[in-house]
Amino acid sequence: MNHIHIGPMELYGCKEALARLEPFIDGELPRDERRRVSFHLVICRNCAPLFRFESRLDGTVRQSLNESEVGAPPELHAKVQRALQQARLADQSPPTE
Ligand SMILES: [Zn+2]
């Protein structure tokens with residue numbers, strides 16, 4: 001049996017996942033939380049575009065981290081902030097299905 005054991009307590013909602021998106025991108029999250037954020041981003045239809053956005057950034061961040069240890073450049077944070085704002089706005093609007 002190859003059961004993946006993920007209970008409700010282990011799942012992040014959109015707000016919880018998005019609240020951790022910045023440290024997630026910066027690589028500051030503990031592995032466990034990082035795993036939960038990744039899992040949410042993969043399974044959540046709303047956050048899937050953010051995940052693609054994030055994974056692009058993640059490579060950039062890793063590159064910059066390899067070059068120096070200062071972390072993500074400011075413009076990267078600006079992009080993240082904008083994505084978070086859009087996500088929050090989308091979160092507030094009623095479902096259109
Ligand atoms: Zn979500």
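Residues numbered from 1 in each chain as written. Predicted model: local features only at pLDDT ≥ 70, side-chain atom pairs only at ≥ 80, totals over all residues. Heavy atoms only, no water.

Side note on the confidence of the model for the protein
Low pLDDT marks stretches whose predicted atomic positions should not be read closely. Averaged over all residues, the pLDDT of the protein equals 70, while 53% of them reach at least 70. Per-element confidence in the protein ranges from a low mean pLDDT of 61 for helix α4 (residues 48-67) to a high of 90 for helix α1 (residues 14-19). (pLDDT = per-residue confidence, 0-100. Helix = DSSP H or I, 4+ residues; strand = E, 2+ residues; numbered from the N terminus.)

Regarding the coordination of the zinc ion
Protein coordination at the zinc ion comes from Cys14 (SG), His40 (NE2), Cys44 (SG) and Cys47 (SG), with a distance range of 2.0 to 2.3 Å. For the zinc ion, the 4 donor atoms in the first shell make angles of 103 to 117° at the metal, so the coordination geometry reads as tetrahedral. All donor residues of the zinc ion come from one chain, and their arrangement in sequence is C-x25-H-x3-C-x2-C. Taken together, the residues Cys14 in helix α1 and His40 in helix α3 (residues 31-43) connect sequence positions 26 residues apart. The class for Cys14 is buried, based on a relative accessible area of 18%. Exposure remark for His40: the relative accessible area of 6% places this residue in the buried category. (Donors = N, O, S within 2.8 Å, 3.2 Å for Na, K, Ca; no water. Tetrahedral: all angles 85-135°; square planar, octahedral: opposite > 155°, others 65-115°. Buried < 20%, exposed > 50% of the residue type's maximum accessible area, 1.4 Å probe, protein only.)

Topic: a nonpolar patch on the surface
Together, Leu11, Phe39, Val42 and Ile43 line one region of the surface with nonpolar side chains, adding up to about 340 Å² of accessible area. Considering the arrangement of structural elements, one finds Leu11 in the segment before α1. Note on Leu11: relative accessible area 35%, which makes it partly exposed. (Patch = residues over 30% accessible without salt bridge, like charges linked within 9 Å, V, L, I, M, F, W, Y side chains within 5 Å. Areas by Shrake-Rupley, 256 points an atom, 1.4 Å probe, with all protein chains shown as cover. Salt bridge = Lys/Arg side-chain N within 4 Å of Asp/Glu carboxyl O.)

Observations concerning the nonpolar core
Judged by nonpolar contacts, the single largest core of 17 residues is most densely connected at Leu18, Leu21, Phe24, Val37, Leu41 and Leu50. Put simply, the parts of the chain that give this core at least two residues each are α1, α2 (21-26), α3 and α5 (74-92). With 4 residues, the single largest contributor to this core is α5. (Core = buried A, V, L, I, M, F, W, Y, C linked by side-chain atoms within 4.5 Å.)

What to know about the pattern of salt bridges
Inspection of every chain in the model, using the stated rule, returns 3 salt bridges. Glu33 serves as the salt-bridge partner of Arg20, at 3.0 Å between the closest nitrogen and oxygen. One end of the pair, Arg20, is in the loop between α1 and α2; the other, Glu33, is in helix α3, with 13 residues separating them in the sequence. Put simply, Asp32 and Arg35 hold a salt bridge, and the shortest N to O gap is 3.3 Å.

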